[in-house]
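Examination of the molecular architecture
One letter stands for each residue in the lines below.
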Amino acid sequence: MSTVPSMKNNIIICLLLTVWCSPVTDAFVHPTSGVASSCTNVPSTTSALFMAKAKTKKKKSTSSSGGLKGFASSKSSAKATTAEGTIDRSNAALKFYNYLERNGAAANLKRVGLGYFPLQIGPTDKDIIQLRGVIALRDIPKGEAIIEIPYEMAIDLGRENSDPTLPATSLLQKYCTWKSNSDGPPADKERGDYFAMLPEYMSDDCLGSTDFFSDNALEMLQSPLIVEETLSRRELVHLRYERDVEPMAQMSSNLYRWSEEEVATESHLKWASWIITSRVLLARLEHEMAVNGAALKVVAGVDVKAGDAINISYGGSVEGNDRFIQDYGFLDGGGSKEKGEVAEAYKIVAKKLTGRIRSLTTLTADDQTRALEALKATTFQEDQELLNSGITNSDERMAVEYRIGMKKALDTLS
């Protein structure tokens, strides 16, 4: 039996979870191998995305991944409609499913698949967007694996580091090898069907993060703490690009080649850093893992019904919208747009700023004072009028929504 190379405290990308990143209900994430390891609890959050049972018909299939109706069939439709969502069977998704099957992860496709779920973001029928996530294809009892990623499918991004730009350089190099069809390790090109499913460069997914906000939008947040951290992250990207990416790209025409005509830029590295921060599950290997067959599992903490959207907690009731808008590019609005209701994700930040709960990051009294004073630059009424005036830039609109939510939350605490 062959063994997995010994790796300690390395950062790996767990392939399925990088793509299947919807906000897993009461799930536990833990590695399984021949060595001892601890479990990490991922708390649940309430989600507005629910689905009725998928309406599927029995169909004979020779594929071992029969959980997806029409899997590997050229006659299947791009999307299978359910009561409130659709199973993604686009060409790119089918290639991804086949990639999983080729690499020993076919069992996942009997339990879950990619899907699109409707989310109401406004009062009218036009205010509905489709979010990509994970749909349960069958009932999954509590304690059973929802997703299981073989260790051999993980992408090794090097030693663990608090600076996301370091693993981002490795991810960017591997992504460029596939994208530009440059000379490189065959394994990187084999992962092309996976890379194709990542959020695209400068797509709406990444543009929601403050990493990509304009200077004006950053100022409109009325949050000096978010602005300072965002600018610090941008500086890390700049330094990493100048130190590691640009010199290597100049030394070899095959390294960091974004396309035939273009070398990866600093902006591309910023995108890769955002992928690391937002969409990647980082597994920290606390023990030597040299046993073939090691895996990382997401285990259901509650019974999951066929057709359910499977959700993962981003904050675990300890982080709020100040982190979400930076790291993930969204705001948890909850009931903030409804009269008298404020999302918990805003209340968490407000409680940190007023000293009612401790922050995972160090907040000095001066930090709290500066953050609270900045929100006084405009009134709630002025912010609401500005929001209703028809702001066209999405980053500016998000900035105003954030400060409105914060002022509501602070008002409920006073």
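Bear in mind the structure is a predicted one, so any value in this text is a computation, not a measurement. (Residues numbered from 1 in each chain as written. Predicted model: local features only at pLDDT ≥ 70, side-chain atom pairs only at ≥ 80, totals over all residues. Heavy atoms only, no water.)

A count of helices and strands for the protein chain gives 14 helices and 12 strands. The buried share of the protein chain, reckoned over its 414 residues, is 47%. Within the structure as shown, the protein chain displays about 20,300 Å² of accessible surface, and the carbon and sulfur contribution to it stands at 51%. (Helix = DSSP H or I, 4+ residues; strand = E, 2+ residues; numbered from the N terminus. Buried < 20%, exposed > 50% of the residue type's maximum accessible area, 1.4 Å probe, protein only. Areas by Shrake-Rupley, 256 points an atom, 1.4 Å probe, with all protein chains shown as cover.)

This part takes up helix α3 (residues 165-179). A rise of 1.5 Å per residue sets the reference length of α3, with its 15 residues, at 21 Å; its end C-alpha atoms lie 20 Å apart and thus fit the reference within 8%. The set of residues buried in α3 consists of T165, P167, A168, T169, L171, L172, K174, Y175, C176 and T177. (Expected span 1.5 Å × (residues − 1).)

Take the pairing of strand β11 (residues 295-299) next. Burial analysis of β11 places four of its five residues in the buried class, which makes it a mostly covered element. Note: strand β8 (residues 145-150) against β11, five bridges, orientation antiparallel. Looking across to β11, one finds that E148 is bridged to K297. (Pairing = 2+ DSSP bridges.)

Under the definition given, this model contains 22 salt bridges. Between R370 and E228 there is a salt bridge, and its shortest N-O distance comes to 2.7 Å. Here E228 lies in helix α8 (residues 224-251) and R370 lies in helix α12 (residues 365-374), a separation of 142 residues in the sequence. One salt bridge connects K407 with D383, and the closest N-O pair in it is separated by 2.5 Å. Separated by 24 residues along the polypeptide, K407 in helix α14 (residues 394-413) and D383 in helix α13 (residues 380-388) bring together distant segments of the chain. Of the two residues examined, K407 and D383, each falls in the buried class. Taken together, the shared-partner salt bridges connect D211, E229, R233, R323 and D327 into one network. (Salt bridge = Lys/Arg side-chain N within 4 Å of Asp/Glu carboxyl O.)

Relative to each other, α8 and helix α10 (residues 321-328) sit at 25 degrees, their axes nearing to 11 Å. If you check the angle between α8 and α10, you find them roughly parallel. Handedness of the crossing formed by α8 with α10: right-handed. Seen from α8, the contacting residues are I226, E229, T230 and R233; seen from α10, they are D322, R323, I325, Q326 and D327. Residues belonging to the contact of α8 with α10 are distributed by class as follows: two nonpolar, two polar and five charged. (Axes fitted to C-alpha atoms, helices over the stretch in contact; angles between N-to-C directions. Parallel < 35°, antiparallel > 145°, perpendicular 65-115°, else oblique. Left-handed = near helix turned anticlockwise from the far one by under 90°. Contact = heavy atoms within 4.5 Å. Nonpolar A, V, L, I, M, F, W, Y, C, P; charged D, E, K, R; others polar.)

Remark: helix α11 (residues 344-353) packs on α14, axes separated minimally by 8 Å, with the N-to-C direction vectors making an angle of 65 degrees. The two elements α11 and α14 meet at a crossing, and its hand is right-handed. From α11, Y346, K347, V349, A350, K351 and L353 reach across to α14, where they touch E401, Y402, G405, M406, A409, L410, T412 and L413. Here the contact of α11 with α14 is built from residues that sort into nine nonpolar, two polar and three charged.

Turning our eyes to something else, we now look at the side chain of Q326. By the element assignment, Q326 lies in helix α10. If sequence neighbours within four positions are ignored, Q326 has contacts with S209, T210, D211, I226, E229, T230 and R233.

It is worth stressing that arrangement in space is one thing and function is another; only the former is reported here.
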